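Secondary and tertiary structure notes
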Amino acid sequence: MKQDQGTLIEDVVGATETKSVQGVEMKPEHAAQIAAVVDAVNAKNIENVYFVACGGSMASLSFGEYFLSKEIETPSFVYTSNEFIHRDPKSLGENSLVILRSHSGTTPETVEAASFAKAKGALTVAISMEAESPLAQAAEYLVHYNYKDGSDAIDGEAGMFYTLLFELLNALAPNEKYKRVVNQLPNLGNLIQKNVDQFSEAANEFGKKYKRDKIIYTMASGAYIHHAYSFTSCLLMEMLWIHSNAIHSGEFFHGPFEITDYDVPFLVVKGEGSSRPLDQRAIDFVQKFSDKVEVVDIATLNYEGIDEDLKEYFGPALTGFVLRLYADGLAEHTGHPLSVRRYMWKMEY
């Protein structure tokens, strides 16, 4: 579905300094990048959307698939980059939108996936912190985000992706609530800090309590299963070398619950949204049989300045920053820095 109203941030395109338009404050070049993507989407008959990346980048993009599948009729899919190429989805073509992400923009599989999708005629969009990266060169459009340079969160990875995501939702199926999400995203930086302050002590205590555990399971559902996956794969396994598995709360009682015992640790994300009852059912069980259960309740996050009916959209944008504190707590009390690797970046694989 097309719309003639353009993007909510298009008035900043071509500006020479940061401006505030309908509540959106971001660098003009970033606003221009998002506007260009939305214009390209409006110029085509988009029939499906693919989110393609690896590891933590794939987990981040998965929130896009969650909200698109929940909100609109346009089919959307998530693929790890290498399988995207090898499976070669039949519906991939000139009416497809393919959004790819790599933090450095150098992940070989994702760069190849961009070229593969572009050759199929798809509209390709790269998301990266490196504007001149191989991924940026391989895709037709670029959405660049700032990283650890002191920029406001609206220009960071979460701010840029969520602005892009809800601009795209509004382009594919216009709705006033998507406009309100974009208008309230400038609150993100302030909310991140407030929630980091709120959860710092609990996260530090988590690290102190579980510093000697060799396995920690994570559990979640809905949008938050992607946080559980990212925390398990990228933080516990990759960075801390702690054995883990991300268990979907709805699947817990279909096999995994048999490992529950008094000394088995669980980190459960109790989500904000329609699947919250799934998390509560799982929590009730593990708290009955395990003495090591940590619950991160998304309903207790600080949502100051966010409309009540938009909290479900903002929860996933904030949760990653909160969960990172729990990894920091483990790193502090185990003496194992998150930067240490055995294989990654050190050899060919």
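Residues numbered from 1 in each chain as written. Predicted model: local features only at pLDDT ≥ 70, side-chain atom pairs only at ≥ 80, totals over all residues. Heavy atoms only, no water.

As for the overall build of the protein
Each helix and strand counted, the protein has eleven helices and eleven strands in total. In summary, the protein has a C-alpha radius of gyration of 20 Å against a globular reference of 20 Å for 349 residues, a match within 12%. Considering only C-alpha atoms, the protein reaches an extent of 60 × 45 × 40 Å along its principal axes. Once local pairs closer than 6 in sequence are excluded, the contacts in the protein between residues at least 24 apart make up 74%. With the model as given, the accessible surface of the protein reaches about 15300 Å², and the carbon-plus-sulfur share is 48%. For the protein, the separation between the mean place of its 30 positive charges and that of its 48 negative charges on side chains is 5 Å. (Helix = DSSP H or I, 4+ residues; strand = E, 2+ residues; numbered from the N terminus. Rg over C-alpha atoms; globule rule 2.2 N^0.38 Å. Contact = heavy atoms within 4.5 Å. Areas by Shrake-Rupley, 256 points an atom, 1.4 Å probe, with all protein chains shown as cover. Lys, Arg positive; Asp, Glu negative; His and termini not counted. Charge placed at Lys NZ, Arg CZ, Asp CG, Glu CD.)

Some points on the packing of helix α8 (residues 188-210) against helix α11 (residues 311-334)
As a packed pair, α8 and α11 sit with axes 7 Å apart at the nearest point and diverge in direction by 35°. Between α8 and α11 lies a crossing of right-handed hand. A per-class count over the contact of α8 with α11 returns 16 nonpolar, six polar and one charged. (Axes fitted to C-alpha atoms, helices over the stretch in contact; angles between N-to-C directions. Left-handed = near helix turned anticlockwise from the far one by under 90°. Nonpolar A, V, L, I, M, F, W, Y, C, P; charged D, E, K, R; others polar.)

Brief notes about the side chain of Ser 76
Topologically, Ser 76 is positioned in strand β4 (residues 76-80). Not counting chain neighbours up to four residues away, the residues in contact with Ser 76 comprise Val 49, Phe 51, Glu 65, Leu 68 and Ser 69.

Structural notes on the sheet that holds β4
Here five strands make up an open sheet; going across it, the order is β4-β3-β5-β6-β7 and the pairing parallel. This sheet does not close on itself; its edge strands, each paired only once, are β4 and β7 (141-144). Adjacent strand axes in the sheet meet at a mean angle of 20° when their direction is disregarded. Pairing of strand β3 (residues 48-53) with strand β5 (residues 96-101), which is carried by six bridges, proceeds in the parallel orientation. Residue Ala 53 lies in a different strand from β5, and its bridge partner there is Arg 101. (Pairing = 2+ DSSP bridges.)

Quick notes on the sheet that holds strand β10 (residues 266-270)
With parallel pairing, the four strands of this open sheet are ordered in space as β9-β8-β10-β11. This sheet does not close on itself; its edge strands, each paired only once, are β9 (246-248) and β11 (293-297). Going across the sheet, the axis of each strand differs from the next one's by a mean of 20°, ignoring polarity. The sheet contact formed by strand β8 (residues 217-220) and β9 spans three bridges and is parallel. Among the inter-strand pairings, Ala 220 is bridged to a residue of β9, identified as His 248. Running over the sheet, α8 touches β10 and β11 and is turned about 160° from β11.

Considering the environment of Asn 146
Mapped onto the secondary structure, Asn 146 falls in the loop between β7 and α6 (157-172). In this structure, Asn 146 is in contact with Lys 27, His 30, Ser 151, Asp 155, Gly 156 and Glu 157, ignoring residues within four places of it in sequence. A distance of 3.2 Å separates a polar atom in the side chain of Asn 146 from a polar atom in the side chain of Asp 149. (Polar contact = N/O pair within 3.5 Å; in protein donor to acceptor, adjacent residues only side chain to side chain.)

Brief notes about the pattern of salt bridges
Counted under the stated rule, the structure contains 16 salt bridges. Put simply, Lys 70 and Glu 71 hold a salt bridge, and the shortest N to O gap is 3.9 Å. For Arg 101, the salt bridge goes to Glu 157, with nearest N and O atoms at 2.4 Å. Remark: Glu 157 occurs in helix α6 and Arg 101 occurs in strand β5; sequence separation between them is 56 residues. Given a relative accessible area of 7%, Arg 101 falls into the buried group. (Salt bridge = Lys/Arg side-chain N within 4 Å of Asp/Glu carboxyl O. Buried < 20%, exposed > 50% of the residue type's maximum accessible area, 1.4 Å probe, protein only.)

Looking at the nonpolar core
Core analysis: the largest hydrophobic core is formed by 82 residues, its most contacted members being Leu 97, Ile 99, Phe 166 and Tyr 326. When near neighbours in sequence (up to four residues on either side) are disregarded, Tyr 326 contacts Phe 199, Ala 202, Ala 203, Phe 206, Phe 231, Leu 267, Glu 294 and Val 296. (Core = buried A, V, L, I, M, F, W, Y, C linked by side-chain atoms within 4.5 Å.)

Some points on the packing of helix α2 (residues 55-71) against α11
Relative to each other, α2 and α11 sit at 170°, their axes nearing to 11 Å. Considering the angle they form, α2 stands roughly antiparallel to α11. Between α2, through Phe 63, Tyr 66, Phe 67, Lys 70 and Glu 71, and α11, the contact on the second element is made entirely by Glu 312, Tyr 313 and Pro 316. When grouped by side-chain class, the residues that make up the contact of α2 with α11 number five nonpolar, no polar and three charged. (Parallel < 35°, antiparallel > 145°, perpendicular 65-115°, else oblique.)

None of this, on its own, says anything about what the molecule does.
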